[in-house]
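Inside the fold
Each chain, letter by letter, is given below.
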Amino acid sequence: MDKRNEHIVIIGGGFAGLSVAKKLKKYPGRVSIIDKSNHHLFQPLLYQVATAALSPGDIAAPIRAILGKHSRARVLLGEVEKIDSGNHSLSLTDGRIINYDKLVLAPGAKYNYFGNDDWENNAPGLKTIGDALKIRERILLSLEEAEQREEPWLRKAFLTYVIIGGGPTGVEMAGAIAEIARRSMRYNFQNLKEEEIRIFLIEATGGILNGFPEPLGDKGRKMLENLGVKVLTNSPVTGIEKNKVFLKDEVIETANIIWAAGIKAPPLLDSIPAEKDRLGRIIVNQDLSIPNYLDIFLLGDAAHYKDEAGNPLPALASVASQQGEFLGEILAGGLPTNGTKPVFKYVDKGQMATVGRAKAVADIKGFKFSGFFAWFLWSAVHILLLIGFRNRLRVFIEWMWNYFTFKRGVQLITDRADCK
Ligand SMILES: Cc1cc2nc3c(=O)[nH]c(=O)nc-3n(C[C@H](O)[C@H](O)[C@H](O)COP(=O)(O)OP(=O)(O)OC[C@H]3O[C@@H](n4cnc5c(N)ncnc54)[C@H](O)[C@@H]3O)c2cc1C
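It should be emphasised that the depicted structure is a prediction, and the values quoted were computed from it without experimental measurement.

**Here's the deal with the overall build of the protein chain**
Scanning the protein chain from terminus to terminus reveals eleven helices and 25 strands. The C-alpha radius of gyration computed for the protein chain amounts to 22 Å, which stays within 12% of the reference 22 Å derived for 420 residues, consistent with globular compactness. The dimensions of the protein chain, computed from C-alpha atoms along their principal axes, are 75 × 40 × 40 Å. Counting over 420 residues, the protein chain shows a buried share of 52%. Considering only contacts within the protein chain whose residues lie at least 6 apart along the sequence, 64% involve residues at least 24 apart.

**Topic: the pattern of salt bridges**
Within the structure shown, the criterion is met by nine salt bridges. Taking the shortest distance from any N to any O, the salt bridge between Glu196 and Arg155 comes out at 2.8 Å. Of this pair, Glu196 sits in the loop between helix H7 (168-184) and strand S12 (198-202) while Arg155 is found in helix H6 (residues 152-158), placing the two residues 41 residues apart along the sequence. Looking at Glu196, the relative accessible area reads 21%, which means it is partly exposed. One salt bridge connects Glu225 with Arg221, and the closest N-O pair in it is separated by 3.2 Å. Of this pair, Glu225 and Arg221 are both found in helix H8 (residues 216-226), four residues apart, which corresponds to roughly one turn of the helix. Residue Glu225 is classed as partly exposed on the basis of its relative accessible area of 38%.

**What to know about the domain arrangement of the protein chain**
Domains assigned within the protein chain are domain 1 (3-109 + 265-333) and domain 2 (117-261). The C-alpha-based centres of domain 1 and domain 2 are spaced at 32 Å. Listed by partner, the interface residues are 14 residues for domain 1 and 14 residues for domain 2. Counting the surface lost from both domain 1 and domain 2, the interface buries some 1200 Å², and carbon and sulfur atoms represent 73% of this. When the buried surface of domain 1 facing domain 2 is broken down by residue, Tyr47, Ala50 and Thr51 rank first, second and third, together holding 43% of it. Between domain 1 and domain 2 we count zero salt bridges in total. Run the count over domain 1 and domain 2 and you get one residue pair in polar contact (both at pLDDT 80 or more).

**Describing the site of the ligand**
Taken together, the neighbourhood of the ligand is formed by 28 residues, with Ala16, Asp35, Val80, Asp301 and Ala317 sitting nearest. Within the side chain of Asp35, a nitrogen or oxygen atom sits 2.6 Å from an oxygen atom of the ligand. Compared with its free state, where it exposes 1000 Å², the ligand has 89% of that area covered by protein. Of all the secondary-structure elements, those providing two or more residues to the shell around the ligand are helix H1 (15-23), strand S2 (30-35) and helix H9 (317-333). In terms of residue class, the shell around the ligand is made up of 14 nonpolar, nine polar and five charged. Both domains that furnish three or more residues to the shell around the ligand are identified here as domain 1 (3-109 + 265-333) and domain 2 (117-261).

**Topic: the packing of aromatic side chains**
What the rule picks out here adds up to eight aromatic pairs. The rings of Tyr113, Trp119 and Trp259 are connected pair by pair, giving a single aromatic cluster.

**Points about H1**
Taking burial as the measure, the nine residues of H1 include seven buried ones, the bulk of the element. Along H1, the positions that sit buried rather than exposed are Phe15, Ala16, Gly17, Leu18, Ser19, Val20 and Ala21. Considering only its buried residues, H1 is in contact with strand S1 (7-11), S2, strand S3 (39-41), helix H4 (63-66), strand S9 (102-105) and H9.

**Thoughts on empty space enclosed by the protein**
Applying the stated criterion across every chain, the model contains five cavities of 30 Å³ or more. If you add up the space inside the largest cavity, you get close to 200 Å³. If you go around the largest cavity, you meet 17 residues; those closest to its centre are Gln48, Gly356, Arg357, Trp375 and Asn402. Sorting the residues of the lining of the largest cavity by element identifies helix H2 (46-50), H7, helix H10 (372-385) and helix H11 (389-405) as the ones contributing at least two each. Looking at the lining of the largest cavity element by element, the count peaks at four residues for H7. Here the lining of the largest cavity is built from residues that sort into eight nonpolar, five polar and four charged. Counting contributing residues, the lining of the largest cavity receives three or more from each of domain 1 (3-109 + 265-333) and domain 2 (117-261).

Each value, and the rule that gives it
Residues numbered from 1 in each chain as written. Predicted model: local features only at pLDDT ≥ 70, side-chain atom pairs only at ≥ 80, totals over all residues. Heavy atoms only, no water. Helix = DSSP H or I, 4+ residues; strand = E, 2+ residues; numbered from the N terminus. Rg over C-alpha atoms; globule rule 2.2 N^0.38 Å. Buried < 20%, exposed > 50% of the residue type's maximum accessible area, 1.4 Å probe, protein only. Contact = heavy atoms within 4.5 Å. Salt bridge = Lys/Arg side-chain N within 4 Å of Asp/Glu carboxyl O. Domains from an automatic or database assignment. Buried area = accessible area lost by both parts, 1.4 Å probe. Polar contact = N/O pair within 3.5 Å; in protein donor to acceptor, adjacent residues only side chain to side chain. Near = heavy atom within 4 Å. Areas by Shrake-Rupley, 256 points an atom, 1.4 Å probe, with all protein chains shown as cover. Nonpolar A, V, L, I, M, F, W, Y, C, P; charged D, E, K, R; others polar. Phe/Tyr/Trp six-rings, centres within 6.5 Å; stacked < 30°, edge-to-face > 60°. 1 Å grid on protein atoms, 1.4 Å probe; cavity = no way out; pocket = protein on both sides within 12 Å on 5 of 7 lines; lining within 4 Å. Points joined across faces, edges and corners; volume = space filled by probe spheres on them.

Right, here's the structure in full:
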């Protein structure tokens, strides 16, 4: 088909989808990008919104504004419900039907409650700005409640924070809450005593930060413990109820439960019958197409892409962005017709996680760092990766303010959540 008559539809304006769209700037055909929210979200800093360090606008930008100079991409706000690959069309929840010639699926992932979806109500995950504001609200409200209560059992529950999942998100949340509860907020609450505050990081396996090479997991654990976080490893959660987390031989009463344990594919992929892994992610070809659906591509967190050793690539922003750039280039240049397909190769530039204030662990191309230098690297990289000069400047100023004053700028309770 002549490219000028072709319609490429991209589902998802996250790291993967946006990178594809940016590469299609000079594409002669039509390009549409559909997202259920109107903004691109920099998820790696979402925990800072949840812990009152940053505002939502610091880490998100409207997709329309980001692609402003992109003459070809039409931005559509809407949630895709189903894909009808036979008819080359997709349906939105509001009933609209959109036809495509090539489809790029980049819908990201969902939190995985491992078959216990009813836990989600009491243990929200951190994925959207709405989630972050809800968690911020709970943290701040529980401090307010504890300040005014006399009953020891109530104070204890309000001042107990349980974070489930010892990956980077769980570690970053636990470290940031320790900072809020023990330093920033303590100055503002006369009735709170440091020894009353309990923070648990719960992990089912034997260690935390399992994606990082040793000794970074151990170092991260020590840094958290120095902040007063109780790290419970080999402790699978067996149940969650309102204000209660059940472990094998312990029940923790708490008004603050945060879920950060693992991901799974979104339900949208159910409409494509293809081989899936245990997380529901479709196992894609080396050019990111879906086997037997050569005009549908899948990338980012929702895709299972095997590296040279046969292991799936991790769910990281850098994987999603690089896949997006790769696919965008293929689509812009046209698929090769000589029978050889391009192969995506991930360039691992490393990974990092902060552990409280001014400390982090980092693994950069085999070089391992921890402590202040790792945090400095983390800060510099994240500021550079943020979209837009305004956001970079604002985040830099907020971090400097927080670093020198120990104060968190966004301690606002705007919509009273029920945290009792
Ligand atoms: C709290 C948190 C912290 C993280 N920290 C790090 C980190 O430090 N470093 C790192 O590398 N990675 C980190 N990640 C992972 C990283 O954010 C993801 O790997 C990355 O966002 C994946 O990009 P993506 O484009 O596949 O999906 P996403 O960025 O999730 O984008 C998916 C987009 O698709 C849209 N969408 C989904 N379903 C539909 C639908 N049915 N219809 C229309 N639109 C839809 C969504 O609204 C969203 O905009 C973190 C993730 C989280 C949640």
